[in-house]
Amino acid sequence: MHRRVSLLSAVALALAGALVPAGAAQAGAANDPRPAGWTATDSQAERRTVSQYWTTQRMLAAQPLDAPAPRRTQSRGPSEGDPWATRGATNTRRSPWTTRGAAWSVGGTAPVTAARQALVPNSPGLQWTDGGAVVRTTGRVFFTTADGRNSSCSGSAVTSANESVVITAGHCVKLNGAAHRNWVFVPAFDDGRRPFGTWVASAMLTTQRWNAREDINFDVAAVVVAPLNGRTLTDVVGGQGVAFNQARQRQMFAFGYPAADPFDGSELIYCSGRAFNDTVMTRDQGLRCNMTGGSSGGPWFQGFDESTGLGWLNSVNSFTYNFAPNFMFGPFFGDEAMAVYQAAQNADAL
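Residues numbered from 1 in each chain as written. Predicted model: local features only at pLDDT ≥ 70, side-chain atom pairs only at ≥ 80, totals over all residues. Heavy atoms only, no water.

A. Geometry of the environment of Asn-229. Residue position: Asn-229 is located in the loop between strand S14 (221-225) and helix H8 (233-237). On the basis of relative accessibility, which here comes to 74%, the residue Asn-229 falls in the exposed class. On a C-alpha basis, the gap between Asn-229 and Gly-197 in space is 9.6 Å, while along the polypeptide they are 32 residues apart. (Helix = DSSP H or I, 4+ residues; strand = E, 2+ residues; numbered from the N terminus. Buried < 20%, exposed > 50% of the residue type's maximum accessible area, 1.4 Å probe, protein only.)

B. Fine view of the environment of Gly-293. Mapped onto the secondary structure, Gly-293 falls in the loop between strand S19 (285-288) and strand S20 (299-305). Linking Gly-293 and Asp-264, residues 29 residues apart in sequence, is a C-alpha distance of 9.8 Å. Among all residues touching Gly-293, those that are not within four sequence positions of it are Pro-64, Leu-65, Asp-66, Pro-258, Ala-259 and Ala-260. (Contact = heavy atoms within 4.5 Å.)

C. Expanded view of helix H9 (residues 335-345). Counted residue by residue, H9 has 10 buried out of 11 residues, so it is predominantly covered. Taken as a whole, H9 has its buried residues at Glu-336, Ala-337, Met-338, Ala-339, Val-340, Tyr-341, Gln-342, Ala-343, Ala-344 and Gln-345.

D. Examining the sheet that holds strand S23 (residues 324-330) more closely. In space, the four strands of this open sheet follow the order S18-S19-S23-S22, with antiparallel pairing throughout. Of all the strands in the sheet, just strand S18 (276-277) and strand S22 (319-321) have a single pairing partner and so form its edges. With two bridges connecting them, S22 and S23 associate as antiparallel partners. By the bridge assignment for S23, Tyr-321 is matched with Ala-324. (Pairing = 2+ DSSP bridges.)

E. Region of the structure containing the pattern of salt bridges. By the definition in use, this model includes three salt bridges. Here Arg-248 makes a salt bridge to Glu-80, at a shortest N to O gap of 4.0 Å. Here the residue Arg-248 occupies a position in the loop between strand S15 (241-244) and strand S16 (251-256), and Glu-80 occupies one in the loop between strand S3 (63-64) and strand S4 (84-86), the gap between them amounting to 168 residues. Residue Arg-248 is classed as partly exposed on the basis of its relative accessible area, which comes to 22%. Note on Glu-80: relative accessible area 55%, which makes it exposed. The salt bridge partner of Arg-193 is Asp-190, with a shortest N-O separation of 3.2 Å. (Salt bridge = Lys/Arg side-chain N within 4 Å of Asp/Glu carboxyl O.)

F. Summary view of the pairing of S16. Within S16, six of the six residues are buried, which leaves the element mostly enclosed by the surrounding structure. Because side chains alternate across S16, one face comprises the buried residues Gln-251, Phe-253 and Phe-255, and the other comprises Met-252, Ala-254 and Gly-256, equally buried. As paired strands, S16 and strand S17 (residues 269-274) are joined by six bridges and run antiparallel to one another. In the sheet register, Met-252 faces S17, and the bridge partner there is Gly-273. Where S16 and S20 come together, two bridges link them in antiparallel fashion. Across the sheet, residue Phe-253 finds its bridge partner in S20, namely Phe-301.

G. Representation of the state of the cysteines within the structure. With the rule as written, the count across this model stands at two disulfides. In this model Cys-153 forms its disulfide with Cys-172; the gap between the sulfur atoms is 2.2 Å. A torsion of -85° about the S-S bond marks the disulfide between Cys-153 and Cys-172 as left-handed. One end of the pair, Cys-153, is in strand S8 (residues 150-158); the other, Cys-172, is in the loop between strand S9 (165-168) and strand S10 (174-175), with 19 residues separating them in the sequence. (Disulfide = S-S within 2.5 Å.)

Any functional reading would require information that these geometric values do not contain.
Here's what the structure looks like:
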């Protein structure tokens, strides 16, 4: 499949700084705060080919992708700047299955309050049965790795200027130095059923630290998906809020489609509890959670409202330690993750 470095759009460059090509020299790129990006598909014909590739049989047969084992690095971790968030919302004037994410900015404090933290229950990994926006905005991600293996991760539709952004893990777009191909997002995936269609990636962005060194502290990516049948992603499924540079050790809800034993990728699973700082090898946050491979890239929310299924996406499922399989870890969303999101939301989805 033809793939070329993309400058995305003039707007993205103006707001996020010049985008660094994914193939830039690694020595300097690893210290560059700007995101790395590349095109995934660059024509309607190519997107049609990708969409047709993903038959139900191929999706059900896709193998869950495991994150690389964390390595101790000299990294100080993500840069922590000023708090910033964009709220996700549903439009109640539409039917529950066609909601638009509306964006507006808030700042200064973490979106979740201490009083609310005391009210929400903890879960080490259960099927989500309460419905709400999270069912529509969370989905399975499918792609083909460089070695030809069809694999799966998870992702989340987020509110954005172009209504076309999916947040996932860095290793769900690029691993072992090679970008994945045939990348699609299937919101509300249900045991092979695709109630909102198959959304094909047009552009991929990740942090420089993940692109150059696969530093697990920066394991985050944003994927811009092309419109489907003349409509944008969050016009169809709604969008979650996003938040950066928020306080650590807050109550979190994590979601994903784990597909490795004892799960099979057919159900939306969630974990919840107070996050803690990883003191072993990374600057990540941890959460008691028994989700397995395939859940990578699934959203972590602060301020999650169980009655609406909306929250602020504030990390993603990244990795587990072999010696502690019942704990999931996710990167801190600092300035680097925010730069990835900002560039993605201002990119051209076509």
